[in-house]
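# Architecture and fold: a report
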Amino acid sequence: MRKLISYILTILLLSTTACANGSKETKSSDKGELSDMKISIQITSDSGNHNLTATLADNSSAVAFYELLKKGPLTVKLNEYGGFEKVGSLGTSLPRNDRQVKTSAGDIMLYQGNQITIFYNGNSWSYTPLGKVDGVTQAELKKILGKGNVTAVFSVME
């Protein structure tokens, strides 16, 4: 009987150890971002020409956006909207993963499946996260995006 209990405890210990070791793996998608899916955004606004980078989100919409950009750069006229974002038509529809979110400066969102937005202030609405502009403050982004409409060229980073 003692051998049977010892055998069962050994099996339980081994299976627990195997499960714990499997959970230690960390993927970049655990952070909600796919670090290998980086894009470049060239902004032309009343404040000049600016080059930004962004890290895309971990969802099918961001993957579809990345695949679209792999075919070539995408130029989008972004219009001022609401004092918190620039928004423009993609000219195509992407898969939607809409959810109620509170945005912040630098968030890149898909709206209604066919419009892209870059936020320079916060808002709360149903969007699909596409990514986040890297390394700029809210004040810097607001200055980069300037007043009025802008042109953004989205492309895959080489």
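My aim in this report is to walk through the structure given alongside it, one point at a time. (Residues numbered from 1 in each chain as written. Predicted model: local features only at pLDDT ≥ 70, side-chain atom pairs only at ≥ 80, totals over all residues. Heavy atoms only, no water.)

## Observations regarding the overall build of the protein
Just so we agree on the cut-off: In this description a helix means any DSSP run of H or I spanning at least four residues, a strand means any run of E spanning at least two, and both kinds are numbered starting from the N terminus. Each residue's exposure class comes from its accessible area (1.4 Å probe, protein chains only) as a fraction of the maximum for that residue type: buried when under 20%, exposed when over 50%, partly exposed otherwise. Only heavy atoms enter the contact rule, under which two residues are in contact if any of them lie within 4.5 Å. With residues, only the protein chains shown are counted as cover, and all accessible areas are computed by Shrake-Rupley using a 1.4 Å probe.
Each helix and strand counted, the protein has three helices and nine strands in total. When the helices and strands of the protein are listed from N to C terminus, the series reads α-β-β-α-β-β-β-β-β-β-α-β. Taking all 158 residues of the protein together, 38% fall into the buried category. Once local pairs closer than 6 in sequence are excluded, the contacts in the protein between residues at least 24 apart make up 63%. By element, 54% of the accessible surface of the protein is carried by carbon and sulfur atoms, the whole surface being about 9200 Å².

## Describing the packing of aromatic side chains
To keep it simple, the criterion reads: Stacked, tilted and edge-to-face pairs are distinguished by plane angle, under 30 degrees for stacked and over 60 for edge-to-face with tilted covering the rest, among Phe, Tyr and Trp rings (Trp via its six-membered ring) whose centres lie within 6.5 Å.
Tallied over the entire structure, the rule returns five aromatic pairs. Seen from their ring centres, Phe 119 and Tyr 127 are 5.2 Å apart, and the 75° between their planes marks the pair as edge-to-face. Phe 119 gets classed as buried once you look at its relative accessible area, which sits at 0%. Tyr 127 sits in the buried class, given a relative accessible area of 3%. One aromatic cluster is present, built from ring pairs that chain together Tyr 81, Phe 84, Tyr 111, Phe 119 and Tyr 127.

## Some details on helix 2 (residues 60-70)
To keep things clear, this is the line we draw: This arc corresponds to the set of directions leading from the helix axis out to the C-beta atoms. Polar contact is the term for a pair of N or O atoms within 3.5 Å; when the atoms are in protein, one must be able to donate a hydrogen and the other to accept it, and sequence-neighboring residues count only if both atoms are side-chain atoms.
Considered for burial, the residues of helix 2 that qualify are Ser 61, Ala 62, Phe 65, Tyr 66 and Leu 69. Mapping the buried residues of helix 2 onto a view down its axis gives an arc of 135°, with all of them on the same face. Its side-chain oxygen 3.0 Å from the backbone nitrogen of Ser 61, Asn 59 forms the N-cap of helix 2. One or two steps after helix 2, the chain reaches Gly 72, where phi turns positive at roughly 150°.

## What to know about the pairing of strand 6 (residues 107-111)
Formally: The rule for pairing is simple: two strands pair if DSSP sees at least two bridges between them.
With four of its five residues buried, strand 6 lies for the most part within the structure. In the sheet, strand 6 pairs with strand 8 (residues 124-133) via four bridges, with the strands oriented antiparallel. Residue pairing for strand 8: Leu 110 is matched across the bridge by Thr 128. Strand direction decides the pairing type here: strand 6 and strand 7 (residues 115-119), joined by four bridges, are antiparallel. In the sheet register, Tyr 111 faces strand 7, and the bridge partner there is Gln 115. Counted between consecutive antiparallel strands, the loop separating strand 6 from strand 7 contains three residues, among which Gln 112 sits at a positive phi close to 55°.

## With respect to the nonpolar core
Threshold: Grouping buried Ala, Val, Leu, Ile, Met, Phe, Trp, Tyr and Cys residues that are joined through side-chain atoms within 4.5 Å yields what is termed a nonpolar core.
One finds Ile 39, Ile 41, Ile 43, Phe 65, Ile 116, Ile 118 and Phe 154 to be the most contacted residues of the largest nonpolar core, which totals 31 residues. Grouped together as the second largest cluster of nonpolar side chains are five residues, Phe 84, Val 101, Met 109 and Phe 119 included.

## Digging into the pattern of salt bridges
Where we set the bar: Here a salt bridge means any side-chain nitrogen of Lys or Arg lying within 4 Å of a carboxyl oxygen belonging to Asp or Glu.
If you walk through the whole model with that rule in mind, you get five salt bridges. Its salt-bridge partner being Glu 80, residue Lys 86 comes within 2.7 Å of it at the nearest N-O pair. Taking relative accessible area as the criterion, Lys 86 reaches 0% and is therefore assigned buried. Its relative accessible area of 30% is what places Glu 80 among the partly exposed residues.

## With respect to the environment of His 50
Relative to the assigned elements, His 50 resides in strand 2 (residues 48-57). Taking the C-alpha atoms as reference points, His 50 and Ile 144, separated by 94 residues in sequence, lie 6.8 Å from one another. In this view, His 50 contacts Ile 41, Gln 42, Ile 43, Ser 45 and Ile 144; residues no more than four positions away in its chain are not counted.

Limitation: the analysis is restricted to geometry and does not speak to function.
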